[in-house]
Amino acid sequence: MDFSAHYIAEDFTAELPVADYIARFRDAGRIARYCQDCSNYGRSWGCPPFNFNEAEYLTRYETALIIATKITPKKPGIPISEAKHLIRPERQRLERRLLEMEGQYGGRSFAYVGTCLYCPEGECTRPEGRPCRHPQLVRPSLEACGFDIERTTSELFGIHLKWGSEGLIPEYLTLVCGFFHDTKKIVWNG
């Protein structure tokens, strides 16, 4: 079933120097503790712990383009178990565009947190100690690199993260991703 007719997706963007984004929105120690409590910690190639130096990974580029996608269902009362049907098409669109931008401009993408889009659920090779099947596609999320997404969305976009209750999704869902680069100006056309 095509769920895209059941919601409206809006992209919001903010661009700022990487150094400013790190100084204002990165709280690596606190966010790392949340990651360590997650069941995906060390079980997915998009999740920590990473085999690269995060500081070098983050500071290699000058500018951060942050994208927040607000997904608003057209009808209320959708069970939380159906959230993936609203999120997945938007993740696919966002991650496809981010990878295109890497090819076009250079730079580094940060995808949305969650399960990998490229392997069937539960079939990541990381728990078996094998290399990633899709290293050219998998990117860490901003959260996985220590960024506070609640603060990012509220301060940069005026969007407050919402959580489901009583088994239903909230009035809207929010995805956040990013693109760090050295290009003068990038226009997001996700």
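Residues numbered from 1 in each chain as written. Predicted model: local features only at pLDDT ≥ 70, side-chain atom pairs only at ≥ 80, totals over all residues. Heavy atoms only, no water.

Student: How would you sum up helix H4 (residues 83-105)? Please name residues and give values.
Tutor: Because an α-helix packs 3.6 residues into every turn, residues spaced three or four apart end up facing the same way. The first and last C-alpha atoms of H4 sit 32 Å apart over 23 residues, in line with the 33 Å expected at 1.5 Å per residue. One or two residues past the end of H4 sits Gly 106, with phi positive at roughly 80°. (Helix = DSSP H or I, 4+ residues; strand = E, 2+ residues; numbered from the N terminus. Expected span 1.5 Å × (residues − 1).)

Student: Just give me the short version of the pairing of strand E2 (residues 63-73), but keep the residues and values in it.
Tutor: Most of E2 sits inside the fold, with 9 of its 11 residues counted as buried. One ladder, built from 11 bridges, connects strand E1 (residues 7-17) with E2; its direction is antiparallel. In the sheet register, Leu 16 faces E2, and the bridge partner there is Ala 64. (Buried < 20%, exposed > 50% of the residue type's maximum accessible area, 1.4 Å probe, protein only. Pairing = 2+ DSSP bridges.)

Student: Describe the nonpolar core, and please don't skip the residues or the numbers.
Tutor: Judged by nonpolar contacts, the single largest core of 25 residues is most densely connected at Tyr 21, Leu 58, Ile 66, Phe 110, Leu 142, Phe 147 and Phe 180. Taken together, the elements giving at least two residues each to this core come down to E1, helix H1 (18-25), helix H3 (54-59), E2, helix H5 (149-157) and strand E4 (173-181). Counting residues per element, this core draws most heavily on H1, which supplies 4 residues. Those residues in contact with Phe 110 that sit more than four places away from it in its chain are Tyr 57, Leu 58, Leu 98, Pro 140, Ser 141, Leu 142, Cys 145, Cys 177, Gly 178 and Phe 180. If you look at the next biggest cluster of nonpolar residues, it comprises 18 residues, including Ile 71, Ile 78, Ile 87 and Cys 177. (Core = buried A, V, L, I, M, F, W, Y, C linked by side-chain atoms within 4.5 Å. Contact = heavy atoms within 4.5 Å.)

Student: An account of the side chain of Glu 102 is requested, with residue identities and associated values reported.
Tutor: Relative to the elements of secondary structure, Glu 102 occurs in helix H4. In this structure Glu 102 comes out as buried when scored by relative accessible area, which is 16%. With residues up to four places along the chain from it excluded, the contact list for Glu 102 reads Gly 107, Arg 108, Ser 109, Arg 139 and Phe 179.

Student: Which residues make up empty space enclosed by the protein, and what values go with them?
Tutor: Tallying each qualifying case throughout the model produces 3 cavities of 30 Å³ or more. Residue lining of the largest cavity: 18 residues in total, with Gly 46, Arg 91, Tyr 112, Gly 114 and Arg 139 positioned closest to the centre. Considering only residue class, the lining of the largest cavity consists of 10 nonpolar, 5 polar and 3 charged. Taken as a whole, the second largest cavity spans an internal volume of roughly 50 Å³. In terms of lining, the second largest cavity is formed by Ser 44, Trp 45, Gly 46, Cys 116, Cys 119, Cys 124, Thr 125, Cys 132, Arg 133 and Val 138. A breakdown of the residues in the lining of the second largest cavity according to their chemical character gives 6 nonpolar, 3 polar and 1 charged. (1 Å grid on protein atoms, 1.4 Å probe; cavity = no way out; pocket = protein on both sides within 12 Å on 5 of 7 lines; lining within 4 Å. Points joined across faces, edges and corners; volume = space filled by probe spheres on them. Nonpolar A, V, L, I, M, F, W, Y, C, P; charged D, E, K, R; others polar.)

Student: Let's hear about the environment of Trp 45: which residues, and what values?
Tutor: Looking at the element boundaries, Trp 45 is found in the loop between helix H2 (28-37) and H3. Between the alpha carbons of Trp 45 and Thr 183 there is a distance of 28 Å; along the sequence they are 138 residues apart. Once residues lying within four places of it in the same chain are set aside, the contact partners of Trp 45 are Phe 50, Cys 124, Thr 125, Arg 126, Arg 130, Pro 131, Cys 132 and Val 138. A polar contact is formed between the side chain of Trp 45 and the side chain of Thr 125, at a distance of 3.1 Å. A polar side-chain atom of Trp 45 sits 3.5 Å from the main-chain carbonyl oxygen of Arg 130. (Polar contact = N/O pair within 3.5 Å; in protein donor to acceptor, adjacent residues only side chain to side chain.)

Student: Tell me about the layout of surface pockets, and name the residues and values.
Tutor: When its volume is computed, the largest pocket comes out at roughly 1200 Å³. Of all the secondary-structure elements, those providing two or more residues to the lining of the largest pocket are H2, H4, H5 and E4. The element contributing the most residues to the lining of the largest pocket is H4, with 8 residues. Grouping the constituent residues of the lining of the largest pocket by class yields 27 nonpolar, 7 polar and 9 charged. The computed volume of the second largest pocket comes to approximately 270 Å³. Surrounding the second largest pocket, 14 residues form its lining, Trp 45, Phe 50, Asn 51, Phe 52 and Val 138 being those nearest its centre.

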